[in-house]
Every structure is written in structure tokens, then in C-alpha cells.
Amino acid sequence: MKLLLVLALAVAAVSGNICDGQSAESAAEYATIKNTVLAVSSVVMANCNLDSGAEFSSLLVTDSCLKIFSEGYCYYDKAAVLYAVLPVSYGVLNSDVANIASLGNTLCAEAEACYAPIKEAVRKCIDADDSFLPNVIESATFYYKSAVESRVESYASDNSDTIVGTLIDIAMKRFTSFNDINAFFLEQTAGTGIEDDAAAAVASFKEVASLFCSSGCTDQTASFLNAIFGYMDKSSNCNDAAVFCGGCQAKAAKFLKNKGSIPCCLMDVADYAIAGGEAVYAKYGDQIENVRDYLGAEFSAKPKLIAIIEELRDNALAQMACLEKVYNAAGSCA
């Protein structure tokens, strides 16, 4: 678990420029998506004008936000091609490092500048008008019902024999309005203090993320990632990155024992994330189990899908155990 998280975090620390060489077709599709988002936000947030008199949607086209949106789309566009062929090797993962890194570095540089004005504008609109949030919910619901719901229903129907299609169908039958979602949330979290926990978690995450972005960890993690991915890709017994146990496990263990160590700054972030996940489960484990039991009952009429889910779960747990074993034997950080 820890090693997997360390590798994922390491990817986000390497430099790169993901949108270089974007095709005209891809750029046109991005423009269509962006314009759709702006049009929807203009409708949903129509009652939240800025002090300047500009529409709320103008906050989504600041330089910082546009950099995040464009890089996010460029990453999706390239990943769709890169991961279209299975199995995915560590060589393929290595070739994606620059793409993920470019997005990660953009988020480090621009996320706060994009998010802060949006948060402040929403806060002011909430404080100024008690009907603001109900109006937003009503507008969003209207848009979903008129422009999205039928497509989602169609997808669920066409994919009823898949896990994703079944989950969508369950959600659409269980939640027919925002009030249903809100009631379910309140039922599951009553008396837990989740609002305070969420606020504390956001503040803590921002602090850790800021430290990760500003601590000078980039060069160390870049060197580590390139070295371990490249080393693992050379093994004839490590051809599928989805199967860590066995050849990949042996190769990773050998690297961490003889070739290199996980950077301490990266390990600090990983340990924080793991501790946070354990704390969430310790406090909200009953709620998580309730949701799992509910989904289990809903899937009961589809034994083939249940078998697939159990196989995926068992395999994931086995791979995580192998990762944990390698991490625990890795020794001290560098």
C-alpha cells in the first residue's frame, strides 16, 4: 500500500509539458467541452454575480483555471491512447511520467490561484442570499433532468451486465432527487461530526500539499521514479504492471535494497495519506460497511458480477500485500 502510494506521488513531482503537440481535433474537442462547462455554470450560478458585475463563469477562465483545465484534458487525451493496449508495462508507465508530472506541477502552481476566488465568490453569495443554495440545486437538477439523465439511463441500460452499469442503475433508482441524496447522507453521518472532520481534513491536506510542492522534493522523486521504473521494466518476469506479486515484486525489492531509496520527503507525504485513510475507516467504518451491505444486496440478483467483484477484490488485496512486504523491507529513506 505504502509503496504504491509513494510511486503515485512520485509521478506528480517530475517536470514536463503535456500539451505539446496537441492535434487540431483534440484542441477543438477541448474547446467544445470548455464552452459547455461555461454555459452550464452560467445557468446554474446565474444568481451569483461578482462584485465587479461580471458573471460567475468568468472565474473559470482565469489564467490559472484555464491552465488546469487544458492540462487535465491533454492528459486524458494522451492517456486514452497510451493505456488502450493491455497489459501495461512499467515501460509504458515510465513513458507517462512526463504527462502526469506536467499536470501535477500545474496543479502545484495554479490550484490555489484558481480555487481561492471561486470559493470566496460562492461564500459571498451564500451569505448575501438565503435562497442562493436552493436555487443552485434547483438549476443544477433542471439541467441534469433535461440534458443528462436520459443519456445516463441509456448507458446503464446498455451496460446492465457490467459493474459500472449496475452501479449507475442502483444510484438512479435510489436517488431520484437532491433531497434523496441529502437524506441518505444525513442518515449515514448523523452524530459523527463529519463537517468538522471534513474541514480539518481539507486544511491538513492543503498544508501537506503545499509543503510537497514547495519543499524541493521534485528532483529527488524524479530521479527515484525514473530509476525504479526503468529497472523494473528490464526484467523478463515483470511484463504487467497490474501484477506486482512475483517478478515485479522481486525486482522492486532488489532495487530498494541495492540501487536506491525512497526520498524521505515523499515518504512523509505517503505516511500522512495512509494515516488519514486509516483514521477515516476507524471512525466511519460502520457507515462504509452499511453502504457495502446495501450494494451487496442490490447486486444479489447478479451472481456473475458478484463473482467478478470478489475476484477483483481478492486480487487487489493480494497485490497490496506484496507491495506492503516490499515497502516494509525497503529500509530507511534517503
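> Would you explain the overall build of the protein chain in this entry?
Each helix and strand in the protein chain was counted, giving twelve helices and zero strands. Starting at the N terminus and walking to the C terminus, you meet the elements of the protein chain as α-α-α-α-α-α-α-α-α-α-α-α. Considered along the principal axes of its C-alpha atoms, the protein chain spans approximately 65 × 50 × 45 Å. Across the 334 residues of the protein chain, 28% fall into the buried class.

> Would you explain unusual backbone geometry in this entry?
Note: most peptide bonds trans; most residues except glycine with negative phi. With omega at 0°, the peptide bond leading from Leu 86 into Pro 87 counts as cis. When you line up the elements, Pro 87 lands in the loop between helix H3 (63-82) and helix H4 (90-128).

> What exactly am I supposed to notice about helix H11 (residues 264-298) here?
Structurally, the α-helix is built with 3.6 residues per turn, so residues lying three or four positions apart point the same way. Taking 1.5 Å of rise per residue, 35 residues should cover 51 Å, yet H11 covers just 44 Å from first to last C-alpha, more than 12% shy of that figure. The sharpest bend along H11 reaches about 75° and sits at Tyr 284. Of all the positions in H11, only Leu 266, Met 267, Val 269, Ala 270, Ile 274, Tyr 284, Gly 285 and Gln 287 are classed as buried.

> Just to check I follow, could you spell out the environment of Glu 311 for this structure?
Checked against the element boundaries, Glu 311 lands in helix H12 (residues 303-328). Between the C-alpha atom of Glu 311 and that of Phe 299, which follows or precedes it by twelve residues, the distance is 15 Å.

> When you look at the packing of aromatic side chains in this model, what are you seeing that I'm missing?
Overall, the coordinates contain six aromatic pairs when judged by the stated rule. Measuring from centroid to centroid gives 5.7 Å for Tyr 231 and Phe 255, while their planes differ by 50°, and the two rings are tilted. Separated by 24 residues along the polypeptide, Tyr 231 in helix H9 (residues 218-233) and Phe 255 in helix H10 (residues 247-258) bring together distant segments of the chain. Across this residue pair, the class does not change: Tyr 231 and Phe 255 are buried. Grouping aromatic residues by their ring pairs yields a cluster made of Tyr 30, Tyr 73 and Tyr 76. Lys 251 extends its terminal NZ or CZ atom over the ring of Tyr 231, reaching a point 4.2 Å from the ring centre.

What counts and how
Residues numbered from 1 in each chain as written. Predicted model: local features only at pLDDT ≥ 70, side-chain atom pairs only at ≥ 80, totals over all residues. Heavy atoms only, no water. Helix = DSSP H or I, 4+ residues; strand = E, 2+ residues; numbered from the N terminus. Buried < 20%, exposed > 50% of the residue type's maximum accessible area, 1.4 Å probe, protein only. Expected span 1.5 Å × (residues − 1). Bend = angle between axes of the 7 residues up to and from the residue. Phe/Tyr/Trp six-rings, centres within 6.5 Å; stacked < 30°, edge-to-face > 60°. Lys NZ or Arg CZ within 6 Å of the ring centre and 35° of its normal.

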